[in-house]
Amino acid sequence: MKDKLKNILQQFLQFYLTILILLIVVDVVLLIILTLDQSRIFEFFQINSSTMVNIYNFDLIVSLLLFINLLMVIITREDRRDFIKNNWVFIPAVIPFDFIFLGQLGVTLTVPLAILRVIHILALIRTITKMGSTFVKFTKKTGLSYGITIITILFLCTSFSFLLVERGVNPEVKNYEDSAWYTVTTMTTTGYGDIVPVTPWGRFIGAFMMISGLAFTGYATASVASMLIDKFREEQDKDRKALAQISQKLNQERKKESEEIKESLSDILKRLDGKK
């Protein structure tokens, strides 16, 4: 009963960590987009103020979830000081700098704050490798990590390219937020139809987004199916080994019993011979 409960808790923890890692990936992408917007490198790279607030709040939620996870780990460990010393990267990862300085204090983007954001992003990326060892091993084994990296880069590049070719021509594409929304709906093959490309290059980029989204979906599905098949095979191998051990044990016991029976019969025959 305890082993069953332990397995359930481990599965729940792994599911929680997987969801948290995915949220961290989304948070990193949003923070990169926010940095490009506030750096003013491109004048047309604009995000609505309401969307900025949502990004601050989303980063706060991810930071709180990370803090809860870190607190639970520290409580259950005896070597707390050594753990914090070896995993100090969790500290800048759980501090929502944007929510504190931009969302609450209203501090404008300065060089120190930009440095803090970069540190926060790097800490989040490092946290993924430290916290989700099983998830990272799975993505490396199946190659899903390459797929996630490629689709993230494609998302940023295609949405930016779509903005370049459609802005000023398409009335529905005014800033990067509109372009990113079109990219999400196209890559996921949802296609609400609220934004439609009007330029030849825009249509070409849109078609490339569709193909990329379908390819990644198929690749991710194949990776998960491969993992499930491998896990099923591992379970079968364990059952075969357990069955082989039981069979070997039974054979040994039967052999032992057979020898004991032979010895008993031999003793009986000797006694009978002695009586004669």
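Residues numbered from 1 in each chain as written. Predicted model: local features only at pLDDT ≥ 70, side-chain atom pairs only at ≥ 80, totals over all residues. Heavy atoms only, no water.

### Thoughts on the overall build of the protein
Quick reminder of the rule: We count a stretch as a helix when DSSP gives it H or I for four or more residues in a row; a strand needs E for two or more, and each element gets its number in order from the N terminus. Partly exposed residues are those whose accessible area sits between 20% and 50% of the maximum for their type, while under 20% is buried and over 50% is exposed, using a 1.4 Å probe and protein chains only. What makes two residues a contact is simply this: any of their non-hydrogen atoms within 4.5 Å. Residue exposure ignores everything except the shown protein chains as possible cover, and the areas themselves are Shrake-Rupley values with a 1.4 Å probe.
Along the protein, the regular secondary structure elements total ten helices and zero strands. In the protein, the succession of helices and strands from N to C terminus is α-α-α-α-α-α-α-α-α-α. Of all 276 residues assigned to the protein, the portion counted as buried reaches 32%. Residue pairs at least 24 apart in sequence account for 71% of intrachain contacts in the protein once pairs closer than 6 positions are excluded. Counting every atom, the protein has about 18500 Å² of accessible surface; 65% of that belongs to carbon and sulfur.

### So, a nonpolar patch on the surface
The criterion, for reference: Exposure above 30% relative accessible area and the absence of a salt bridge qualify a residue for a patch, where like charges join within 9 Å and nonpolar side chains (Val, Leu, Ile, Met, Phe, Trp, Tyr) within 5 Å. Salt bridges, as used here, are contacts in which a Lys or Arg side-chain nitrogen is within 4 Å of a carboxyl oxygen on Asp or Glu.
Together, F67, I68, L71, M72 and I75 give the surface a local cluster of nonpolar side chains, amounting to about 490 Å² of exposed area. Its place among the elements puts L71 in helix α2 (residues 49-76).

### As for the packing of aromatic side chains
As a reminder of what qualifies: Here a pair means two rings of Phe, Tyr or Trp (six-membered ring of Trp) with centres within 6.5 Å. Their orientation is stacked below 30 degrees between planes, edge-to-face above 60, and tilted elsewhere.
Under the defined criterion, the tally for this structure stands at three aromatic pairs. When the centroid spacing of 4.2 Å and the interplanar angle of 15° are considered together, the rings of F162 and Y182 count as stacked. Residue F162 is located in helix α8 (residues 144-166), and its partner Y182 is located in helix α9 (residues 176-187); the two are separated by 20 residues in the primary sequence. Residue F162 is classed as buried on the basis of its relative accessible area, which comes to 0%. Looking at Y182, the relative accessible area reads 6%, which means it is buried. Between the aromatic rings of W181 and Y192, the centroid separation amounts to 5.7 Å while the plane-to-plane angle is 5°, which identifies the pairing as stacked.

### A few points about the confidence of the model for the protein
Any region with low pLDDT has predicted coordinates that should not be read closely. Convention followed: Residue-level confidence of the predictor, termed pLDDT, takes values from 0 up to 100.
In the predicted model, the protein carries a mean pLDDT of 77, and the fraction of residues at 70 or more is 78%. Taking the mean pLDDT of every element in the protein, the minimum, 58, falls on helix α7 (residues 133-142) and the maximum, 86, on α9.

### Quick word on the packing of α2 against helix α5 (residues 97-104)
Where we set the bar: The axes used here are C-alpha line fits, helices contributing only the stretch in contact, and every angle between their N-to-C directions lies in the interval 0 to 180 degrees. What makes a crossing left-handed is the near helix being turned counterclockwise from the far one by less than a right angle; a clockwise turn instead makes it right-handed. For this scheme, ten residues count as nonpolar: Ala, Val, Leu, Ile, Met, Phe, Trp, Tyr, Cys and Pro. Four count as charged, namely Asp, Glu, Lys and Arg, and the remainder, Gly too, count as polar.
Contact geometry of α2 with α5 gives a least axis separation of 8 Å together with a crossing angle of 145°. In the crossing of α2 with α5, the sense of the turn from one axis to the other is left-handed. Between α2, through Y56, N57, D59 and L60, and α5, the contact on the second element is made entirely by F97, D98, F99, L102 and G103. Across the contact of α2 with α5, the residue classes break down as five nonpolar, two polar and two charged.

### Topic: the nonpolar core
Selection criterion: To define a nonpolar core, start from buried Ala, Val, Leu, Ile, Met, Phe, Trp, Tyr and Cys residues and group those joined through side-chain atoms within 4.5 Å.
Grouped together as the largest cluster of nonpolar side chains are 41 residues, with contacts concentrated most on I24, L66, L124, F155, F162 and Y176. Of all the secondary-structure elements, those providing two or more residues to this core are α1 (2-39), α2, α4 (90-93), α5, α6 (111-131), α8, α9 and α10 (200-275). Per-element accounting of this core gives the leading share, eight residues, to α1.

### Quick word on the pattern of salt bridges
Applying the stated criterion across every chain, the model contains one salt bridge. The residue R117 makes a salt bridge to D98 at a minimum N-O spacing of 2.3 Å. Here R117, found in helix α6, pairs with D98, found in helix α5; they are 19 residues apart in sequence, far enough to count as distant. Looking at R117, the relative accessible area reads 2%, which means it is buried.

### Observations concerning the environment of G213
Within the secondary structure layout, G213 lies in helix α10. We classify G213 as buried; its relative accessible area is 4%. Considered as a pair, G213 and T189 are 24 residues apart in the sequence and their alpha carbons are 7.2 Å apart.

### Re the side chain of S63
Condition: A 3.5 Å cut-off defines polar contacts: any pair of N or O atoms within that distance qualifies, except that in protein one atom must be a possible hydrogen donor and the other a possible acceptor, and neighbouring residues in sequence count only when both atoms are side-chain atoms.
Here S63 lies in helix α2. Here S63 falls in the buried class, since its relative accessible area comes to 2%. Polar contacts involving the side chain of S63 include one to the main-chain carbonyl oxygen of D59, which spans 2.8 Å. Excluding anything up to four places from it in sequence, S63 contacts A93, V94, I95, P96 and H120.

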